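# Remarks on the overall topology
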Amino acid sequence: MYLKDNFTKESDFDFRFNHNDTEMWPEPTTEMLDSFDQNGFVIVRDLFSPIEMEKMVKSIEGSNEFEKANFAERDVHNRKIVQSNWNVPGEDILGMVARNAKVAGVAEQLMGHGDMYMYTGKVTMKKPKIGGEIVWHQDYGYYYNNHALFPDFINVLIGLTKSDHENGGLQVIKGSHHCGRIDHGKLVGQTHADLDRVNLILKAQGLVEVNLRPGDAIFFHCNLLHRSGVNNSDHRRWNLIFTFNTMRNYHYRVDRKNGDMKIEAIDKVPADAVKKVHNLKLQYRDYHVPDGSM
Ligand SMILES: O=C(O)CCC(=O)C(=O)O
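Since this is a predicted model, take the numbers as computed values, not measurements. (Residues numbered from 1 in each chain as written. Predicted model: local features only at pLDDT ≥ 70, side-chain atom pairs only at ≥ 80, totals over all residues. Heavy atoms only, no water.)

### Section: the pattern of salt bridges
Per the counting criterion, the structure on display carries 17 salt bridges. The partner of lysine 129 in a salt bridge is aspartate 234, and the shortest N-O contact between them spans 3.0 Å. Of this pair, lysine 129 sits in the loop between strand S8 (116–126) and strand S9 (134–137) while aspartate 234 is found in the loop between strand S16 (226–228) and strand S17 (237–246), placing the two residues 105 residues apart along the sequence. With a closest N to O distance of 2.7 Å, aspartate 164 and lysine 162 form a salt bridge. (Salt bridge = Lys/Arg side-chain N within 4 Å of Asp/Glu carboxyl O. Helix = DSSP H or I, 4+ residues; strand = E, 2+ residues; numbered from the N terminus.)

### Describing the nonpolar core
In this structure, Val97, Ile158, Phe219, Leu240, Phe242 and Phe244 are the most contacted members of the largest nonpolar core, which totals 51 residues. Ranked by residue count, the leading element in this core is helix H5 (residues 101–111), at 6 residues. Of all hydrophobic cores here, the second largest spans 13 residues; its members include Leu170, Val172, Val210 and Ile241. (Core = buried A, V, L, I, M, F, W, Y, C linked by side-chain atoms within 4.5 Å. Buried < 20%, exposed > 50% of the residue type's maximum accessible area, 1.4 Å probe, protein only.)

### Here's the deal with the pairing of strand S13 (residues 190–193)
Residues Gln190 and His192 line one face of S13 and the alternating positions Thr191 and Ala193 line the opposite face, and both faces are buried. Bridge count between strand S12 (residues 184–187) and S13: 4 bridges; the pairing is antiparallel. The residue bridging histidine 184 from the neighbouring strand is alanine 193, located in S13. Counting the residues that bridge the hairpin from S12 to S13 gives 2 residues, and of these valine 188 lies at a positive phi of roughly 50 degrees. (Pairing = 2+ DSSP bridges.)

### Re the side chain of aspartate 139
Relative to the helices and strands, aspartate 139 resides in helix H6 (residues 139–143). Although aspartate 139 is buried, it makes no salt bridge; lysine 122 carries the closest opposite charge, 5.8 Å away. Beyond its immediate sequence surroundings of up to four residues, aspartate 139 is in contact with Asn155, Phe220, Cys222 and His226. (Lys, Arg positive; Asp, Glu negative; His and termini not counted. Contact = heavy atoms within 4.5 Å.)

### Quick notes on unusual backbone geometry
Even without being a glycine, aspartate 46 presents a positive backbone phi close to 60 degrees. Inspection of the secondary structure assignment puts aspartate 46 in the loop between strand S5 (41–45) and helix H2 (50–61). Despite not being glycine, asparagine 78 has its phi angle at roughly 65 degrees, a positive value.

And the structure:
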């Protein structure tokens with residue numbers, strides 16, 4: 001059942017999820033849809049409750065396989081961003097988050113191009129004091145080169161920890177998805193958008209610091225310019241990020257480890273699916289080291 005009025009508007013692009021324990025399929029409000037179109041993102045406070053967040057963090061911390069699959073990228077200051085990366089959503093708690101009506105369901109409705117599949121799931125981790133910077137980029141700057149024909153991807157980034165200016169939180173340029181795909185180049189191991197152009201867009205549109213508490217999320221379009229700073233704080237910064245792509249956006253060059261994997265539309269689960277998970281053990285998943293995609 002689709003329920004309306006699950007989201008309350010707090011500012012132009014800031015909304016709050018009204019928790020409800022029943023099995024439900026939340027529907028973005030018209031204001032959320034308009035804000036996503038206009039700004040290229042919406043922030044949703046309290047998308048997951050503290051209990052749900054505690055379960056997610058415990059399951060990740062308790063998994064040796066997850067830890068073994070971590071790999072580090074160096075930034076221009078030789079600081080590290082650690083990542084874990086996979087493609088198949090799965091049946092465990094991380095699967096219940098990705099496939100959740102609050103995540104995949106809301107993402108599909110914001111994009112409005114029908115069924116989507118999960119392109120990647122990942123956790124980006126910045127350790128206290130040594131966590132690195134992620135340079136300005138559009139995700140479509142990467143995916144374009146993977147022969148994605150349409151800029152149809154959407155990210156759902158969920159704060160596993162607090163994430164703000166102090167510990168290397170996300171920054172976005174409001175409305176920059178309307179600029180279309182910008183040329184990207186390489187900077188050390190990272191891919192960055194043309195910085196002269198980014199600076200002009202920044203002047204025209206303005207920067208938004210995305211300050212998240214655990215359980216807050218930002219849904220953002222793949223052409224939205226974004227970056228995140230270094231972590232000089234004493235606190236780790238972990239984000240859980242799911243990228244969804246439309247079924248129509250077929251990849252001609254399959255660049256996944258599981259190249260012959262059948263791509264299927266996400267099998268969505270109701271909003272309370274994470275609450276119902278009791279076994280916190282993560283299943284083995286198709287962790288992989290991507291070919292340079294952030
Ligand atoms: O976790 C972050 O700081 C941002 C990650 C990012 O830029 C991305 O996934 O495209």
